[in-house]
Structures are given as structure tokens and as C-alpha cells.
Amino acid sequence: MPKRKDDKQDNATPCSDQLNAESNEWFAPEPKFFMMVEGSQIDWGGHDKDRDNTIRQTLLFDMAVKEAIEFAQRDKKTLVIVTADHETDGLLLNADRRNRLVAGWNSDDHTAGDVPIYAFGPEVIHFSGTHDITDIPKIIARLLDFIIFPAPLKAAQPVVEAVRN
Ligand SMILES: [Zn+2]
């Protein structure tokens, strides 16, 4: 998702909380469906080393997660999974000499730090423990009864050259 310039002026890119509120109408009566809500502006806050925006975007994402959890509590058939594909810029939280919380950064890009995975709802057991990030879509596909995921690549077609006599 592109970086937002201003939450109030950029209507083309909804905040994750707006997206989730609007998406309550997307929950179709299909037996199984998948919906992804990305809190990408948290990443942009990290790239900008903008502590306040990172915190604000995290709180907005938290509101979206709250909506999803409340839906799952009512629905009792919905699995909510919250994770990240990476951490950005090595956000550090520490205490200063007066024991106040301070935030800082120790990198200039995405980091290889582990990210948490949280899940709520039926089949939650599949997301406990430690996973490679590529396991997550495979588990979701299995739960959605996809037969083969990821789909195998098509074999390259042999090049048949015309033989001229
Ligand atoms: Zn990024």
C-alpha cells in the first residue's frame, strides 16, 4: 500500500480502521472466505523514523483488530490472524535516566527480527509456536480447503522447431 500523506485528505487509501469498519459489509454469507487488512502505514512510520506516526498507525491498526475480534466473537466461525511480514528500522523502547519511556531506531530498513503471530477463533492451534512466514498462507489455504497451494508452476513448454526438408 502506498504511503499516506494525510489521513484526512487522502480518501483513496483508507486507514485500516476505516477499511475494517467498511468491510463489515463485505462479510458475505459464503461458507468460507479470506480477507486481508494491511496496516502498512506502520511500516511507513518506521521508514520515516516518525515515532508519533508509528504509534498512531499502530493504534489505528489495533482498532481494526478489535473490530475483527468482536466480529469473530459474535460469528464464532471466524479465525482472526494478526502478524507482520517484517519489522521496520529496529524500533527500540527504553527508559531514560528519569525512567520515562523513550523510543529510538537501530536500523535504516526492514529488519530480520522475529515478528509475533496472534490468532483468535477456530483452528487457532495451527498458529501456535514458531513458524516460517511462508507457512502462514499454506496453513490458511489448507483451512480454506485449497487442494494444492501454492499452485505448481507450469512446466515450460518444449520448444518445437519446424523441421524443413
Ligand atoms: Zn517497508
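Going by the structure above, here's the rest.
Residues numbered from 1 in each chain as written. Predicted model: local features only at pLDDT ≥ 70, side-chain atom pairs only at ≥ 80, totals over all residues.

Undergrad: Help me understand the overall build of the chain in this model?
TA: A count of helical and extended segments in the chain gives four helices and six strands. When the elements of the chain are put in sequence order from the N terminus, they spell out α-α-α-β-β-β-β-β-β-α. Out of the 165 residues belonging to the chain, those deemed buried represent 12%. For the chain, the proportion of contacts with a sequence separation of at least 24, taken over those separated by at least 6, is 51%. (Helix = DSSP H or I, 4+ residues; strand = E, 2+ residues; numbered from the N terminus. Buried ≥ 20, exposed ≤ 12 C-beta atoms within 10 Å, placed from the backbone. Contact = placed C-beta atoms within 7 Å.)

Undergrad: Looking at this structure, how should I read the environment of Leu-59?
TA: Of note, Leu-59 is situated in helix α3 (residues 51-75). For Leu-59 and Ile-42, which are 17 residues apart along the polypeptide, the C-alpha to C-alpha distance reads 9.4 Å.

Undergrad: I tried to follow the environment of Val-80 on my own but got confused; where do I start?
TA: For Val-80, the position within the fold is in strand β1 (residues 80-83). Separated by 15 residues in sequence, Val-80 and Val-65 place their C-alpha atoms 8.2 Å apart. Once you skip the residues sitting within four places of it in the chain, Val-80 turns out to touch Ala-68, Ile-69, Ala-72, Ala-119, Phe-120 and Gly-121.

Undergrad: Explain the environment of Asn-53 here, please?
TA: With respect to the helices and strands, the residue Asn-53 is situated in helix α3. Measuring from C-alpha to C-alpha, the distance between Asn-53 and Gln-41 comes to 8.4 Å, with twelve residues separating the pair along the chain. Leaving out residues up to four positions away in the same chain, Asn-53 has contacts with Gly-45 and Asp-48.

Undergrad: Looking at this model, I keep getting lost on the pairing of strand β3 (residues 91-95). Mind explaining?
TA: Side-chain positions along a regular strand alternate between the two faces of the sheet. By the bridge criterion, five bridges tie β3 to strand β4 (residues 101-105) in an arrangement that is antiparallel. Residue pairing for β4: Asn-94 is matched across the bridge by Val-102. Taking the residues between adjacent antiparallel strands as the criterion, β3 and β4 are bridged by five residues, where Asn-99 takes a positive phi near 65°. (Pairing = 2+ DSSP bridges.)

Undergrad: Looking at this structure, how should I read the packing of helix α2 (residues 40-47) against α3?
TA: Each pair of packed helices can be described by the angle between their axes along with the distance between the axes. One can describe the packing of α2 onto α3 by two numbers: an axis separation of 8 Å at closest approach and a directional angle of 170°. Taken together, the axis directions place α2 and α3 in an arrangement best described as roughly antiparallel. Between α2 and α3, the contacting residues are Gln-41, Ile-42, Gly-45 and Gly-46 on the first element and Asn-53, Thr-54, Gln-57, Thr-58 and Phe-61 on the second. Broken down by class, the residue content of the contact of α2 with α3 amounts to two nonpolar, seven polar and no charged. (Axes fitted to C-alpha atoms, helices over the stretch in contact; angles between N-to-C directions. Parallel < 35°, antiparallel > 145°, perpendicular 65-115°, else oblique. Nonpolar A, V, L, I, M, F, W, Y, C, P; charged D, E, K, R; others polar.)

Undergrad: I would appreciate a short explanation of unusual backbone geometry in the present structure.
TA: Excluding glycine, residues mostly have negative phi values, and the peptide bonds linking residues are mostly trans. Positive phi is not limited to glycine here, since Lys-76 has a value of about 65°. Relative to the helices and strands, Lys-76 resides in the loop between α3 and β1. Take Lys-76: there are 8 C-beta atoms within 10 Å of it, and that puts it in the exposed class. Despite not being glycine, Asp-145 has its phi angle at roughly 65°, a positive value.

Any functional reading would require information beyond the geometric quantities listed.
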